[in-house]
Amino acid sequence: MERTAFPAIHFPNRFPNPIPQTNRMADTLTIVDNRTGKTYELPVQAGTIRAMDLRQIKEGPDDFGVMTYDPAFMNTANCRSAITYIDGDKGVLLYRGYPIEQLAEQSDYLETAYLLLFGELPTASQQHSWTQQITTHTMLHENVKKFMEGFRYDAHPMGIFLSTVGALSTFYPDARRIFDPDSRRLQTRRLIAKVPSIAAYAFRHIVGRPYIYPDNDLSYTGNFLNMLFKMPAENFLPNPVLARALDVLFILHADHEQNCSTSAMRNIGSSHVDPYSALAGAAAALYGPLHGGANEAVLRMLNEIGSIDKVPEFIKKVKAGEAQTRLMGFGHRVYKSYDPRAKVVKQIAELVFTVTGKNPLLDIALELERIALEDEYFVSRKLYPNVDFYSGLIYQAMGFPVEMFPVLFAIPRTVGWIAQWEEMLLDPEQKIARPRQIYTGAGLRDYVLREQRP
Ligand code: CMC
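Residues numbered from 1 in each chain as written. Predicted model: local features only at pLDDT ≥ 70, side-chain atom pairs only at ≥ 80, totals over all residues. Heavy atoms only, no water.

(A) Inspection of the environment of N239 at higher detail. By the secondary structure assignment, N239 is in the loop between helix 7 (220–229) and helix 8 (240–253). For N239, a relative accessible area of 28% puts it in the partly exposed group. Setting aside chain neighbours within four positions, we find N239 in contact with L225 and V355. (Helix = DSSP H or I, 4+ residues; strand = E, 2+ residues; numbered from the N terminus. Buried < 20%, exposed > 50% of the residue type's maximum accessible area, 1.4 Å probe, protein only. Contact = heavy atoms within 4.5 Å.)

In structure tokens form, the structure reads like this:
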């Protein structure tokens, strides 16, 4: 197995253990219901009260009980998870306890995938067999290829990607055995191995080039670059710097706890559907411009701005909320400081540009960041660059059209989705996801015949 030489990338990262170490299990919260005068004492565990404990708070025996109202889950923990830890105020991201900066510097994507799935870094022999298991599943069934050929020439590759992942459920009906650990392992290997092949085929489809079959002698990202860019009549050697850069970007995107697409994966998976169908739904959630589609939106925004002198005017438009203009690649639901992934991506960009030449849009991006980080509007709202702000510039410099950007996010996030899906399945507290609502519609009324309607 060829391993590309990894140029060292150094990231400063030393901080004390950021995870709160005390878990005062005996804490309680006292609630006085002023409607009835009754007092309730609810246990507080890990900083949370259980929403179901509120149900006992009733005005009378027929009352349903108190619920919480939390649109967009701004303050609701939906699960316990041991996979990823984020401290949004301090800008900390850990996978299974390991800081993202250390993994970016020293690990590779498949090793990180193993860590996320199994909880520990692999030994040398575990890493060897894990890599082999993945590489033996990179091929796509020929009918999958035919299925992909059916898309229009100008189909968005993310649409192709998520439909094809969903279609895999029809090729692997054994995937329905979700409570069989061997089946779950097999689908996990298949998914991690096949998503780069699907992504590369989607890319070749939109650029009108013949498909290139996987080459299992190459590394995970080396093989991906080969399937993307090799011309059949010519030899192709993946550039080791670009392969490493892509590998680090894959590490950075591998998981991010309960984001929109991961919550979608857990929600869909909670109905006990097969993982391919659930993952298609997660990929659909990622497609949106407020989530994984943001890196595509950043590039469109930078192109629209066009030159550095237009940056102040654009910032003015964003602040005025004109036509819902946002500074794409800025802001995050959880990070209220610099996204730690964005810092690494900025360094990767420098590395990639030594090979590809500088992306001319970089200067516009740097100027946007400079102005935004000084501007009261962004500072007061704690809006900092997120992972998507610089990643698009790298992808473009590497030769990807913007439509491929969300697909490049979906490939590595696949492992996060699977790890979270499996954790959800094995969690005895989890059931089919089914939120409540506050009904605001019409009261009971009788049906009116069409000719009698006003
Ligand atoms: N540009 C301008 N203003 C913004 C932005 C932005 N990018 N993001 C948030 N704001 C403002 C927003 O208008 C609001 O202001 P006000 O209080 O005056 O109404 C305030 O900041 C809070 O915004 P919010 O929409 O309530 O925050 P949220 O947590 O719901 O949204 C977000 C998070 C990521 C959807 C949002 O910041 C955004 O739309 N960013 C641009 C899209 C983007 O870059 N998405 C990628 C996210 S990172 C990758 C991933 O994990 O998916």
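Still to come is the rest of the account.
(B) Structural view of the packing of aromatic side chains. Applying the stated rule across the entire model yields 19 aromatic pairs. Taking the centre distance of 5.6 Å and the plane angle of 85° together, the rings of F118 and W130 count as edge-to-face. Here F118, found in helix 2 (residues 109–118), pairs with W130, found in helix 3 (residues 124–135); they are 12 residues apart in sequence, far enough to count as distant. Assessed through its relative accessible area of 2%, W130 is described here as buried. Between the aromatic rings of Y220 and F250, the centroid separation amounts to 6.3 Å while the plane-to-plane angle is 75°, which identifies the pairing as edge-to-face. Of the two residues, Y220 is situated in helix 7 and F250 in helix 8; the sequence distance between them amounts to 30 residues. Classification of F250 as buried rests on a relative accessible area of 0%. (Phe/Tyr/Trp six-rings, centres within 6.5 Å; stacked < 30°, edge-to-face > 60°.)

(C) Structural context of the pairing of strand 2 (residues 38–43). One ladder, built from six bridges, connects strand 1 (residues 28–33) with strand 2; its direction is antiparallel. The residue bridging L29 from the neighbouring strand is L42, located in strand 2. Two successive antiparallel strands, strand 1 and strand 2, enclose a turn made up of four residues, where G37 displays a positive phi of approximately 80°. (Pairing = 2+ DSSP bridges.)

(D) Highlighting the side chain of K145. Relative to the helices and strands, K145 resides in helix 4 (residues 142–149). Residue classification places K145 among the buried positions, given a relative accessible area of 14%. Apart from residues no more than four positions distant in its own chain, K145 is found in contact with Y201, Y211 and Y213.

(E) Looking closely at the site of the ligand. In the neighbourhood of the ligand, 17 residues make up the surrounding shell, with H291, R326, L327, G329 and R333 lying closest. Taking R333, its side chain carries an N or O atom lying 2.7 Å from an oxygen atom of the ligand. A distance of 2.9 Å separates an oxygen atom of the ligand from a polar atom in the side chain of N386. Taken together, the residues that form the shell around the ligand break down as eight nonpolar, five polar and four charged. (Near = heavy atom within 4 Å. Polar contact = N/O pair within 3.5 Å; in protein donor to acceptor, adjacent residues only side chain to side chain. Nonpolar A, V, L, I, M, F, W, Y, C, P; charged D, E, K, R; others polar.)

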